[in-house]
Amino acid sequence: MFNFDEASKKSKEAIDGMLKSYSEAAKSFQAIATEASEYSKKSFQDMTAFMEAFAAARSIDAAYDLQTKYVKSAYEGFIAEAAKMGDMYADLAKSAYKPYEAPIAKSTAVKTANAA
């Protein structure tokens, strides 16, 4: 016979897990958006400072050195930021999966036991 109390308990657990997952995802997306905004702001400030220094350069050699340093710095900053954002997205995926990890492992164990 169908047990309504057990079904109610299971559906409550599923909804609680889903809400926790959504909450974690929202926090992670907020952190990612904040990080992207801060990086964009810093990048724009660095570009502005470079353009001012580049415009004030008195020789081609000085302008070339400025440009080389700026490109190297911008590239290294981008690579560091990309790695950081990649880690943030990986953490987002892990936290989104976490509430479902135990129920999936439990159901997999039951199916494996039934198959044997």
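Here, the structure is the one placed above.
Attention here is on the structure that accompanies the text. (Residues numbered from 1 in each chain as written. Predicted model: local features only at pLDDT ≥ 70, side-chain atom pairs only at ≥ 80, totals over all residues. Heavy atoms only, no water.)

The next point concerns the side chain of Ser95. Counting through the fold element by element, Ser95 comes out in helix H2 (residues 60–115). A relative accessible area of 18% means that Ser95 is categorised as buried. Not counting the four nearest positions on each side in its chain, Ser95 is found in contact with Glu24 and Ser28. (Helix = DSSP H or I, 4+ residues; strand = E, 2+ residues; numbered from the N terminus. Buried < 20%, exposed > 50% of the residue type's maximum accessible area, 1.4 Å probe, protein only. Contact = heavy atoms within 4.5 Å.)

Among the structural elements, Glu81 can be located in helix H2. Every residue in contact with Glu81, bar those within four places of it in the chain, is listed here: Glu35 and Tyr39.

Tallied over the entire structure, the rule returns two aromatic pairs. Taking 5.4 Å as the distance between ring centres and 35° as the angle between the ring planes, the aromatic pair formed by Phe50 and Phe54 counts as tilted. Of this pair, Phe50 and Phe54 both sit in helix H1 (residues 4–55), four residues apart, which is roughly one turn of the helix. With a relative accessible area of 12%, Phe50 lands in the buried category. (Phe/Tyr/Trp six-rings, centres within 6.5 Å; stacked < 30°, edge-to-face > 60°.)

Quick look at H1 now. Look at H1: 75 Å from first C-alpha to last across 52 residues, which is about the 76 Å you get at 1.5 Å a residue. Restricting attention to buried positions, one finds in H1 the residues Gly17, Ser21, Ala25, Ser28, Ile32, Glu35 and Phe50. (Expected span 1.5 Å × (residues − 1).)

A few words now on the nonpolar core. Ala25, Ile32, Met85, Met88 and Leu92 together form the largest nonpolar core, which totals five residues. At the level of secondary structure, the elements contributing two or more residues to this core comprise H1 and H2. Of all the elements, H2 adds the most residues to this core, at three residues. The residues contacting Ile32, other than those within four sequence positions of it, are Met85, Met88, Tyr89 and Leu92. (Core = buried A, V, L, I, M, F, W, Y, C linked by side-chain atoms within 4.5 Å.)

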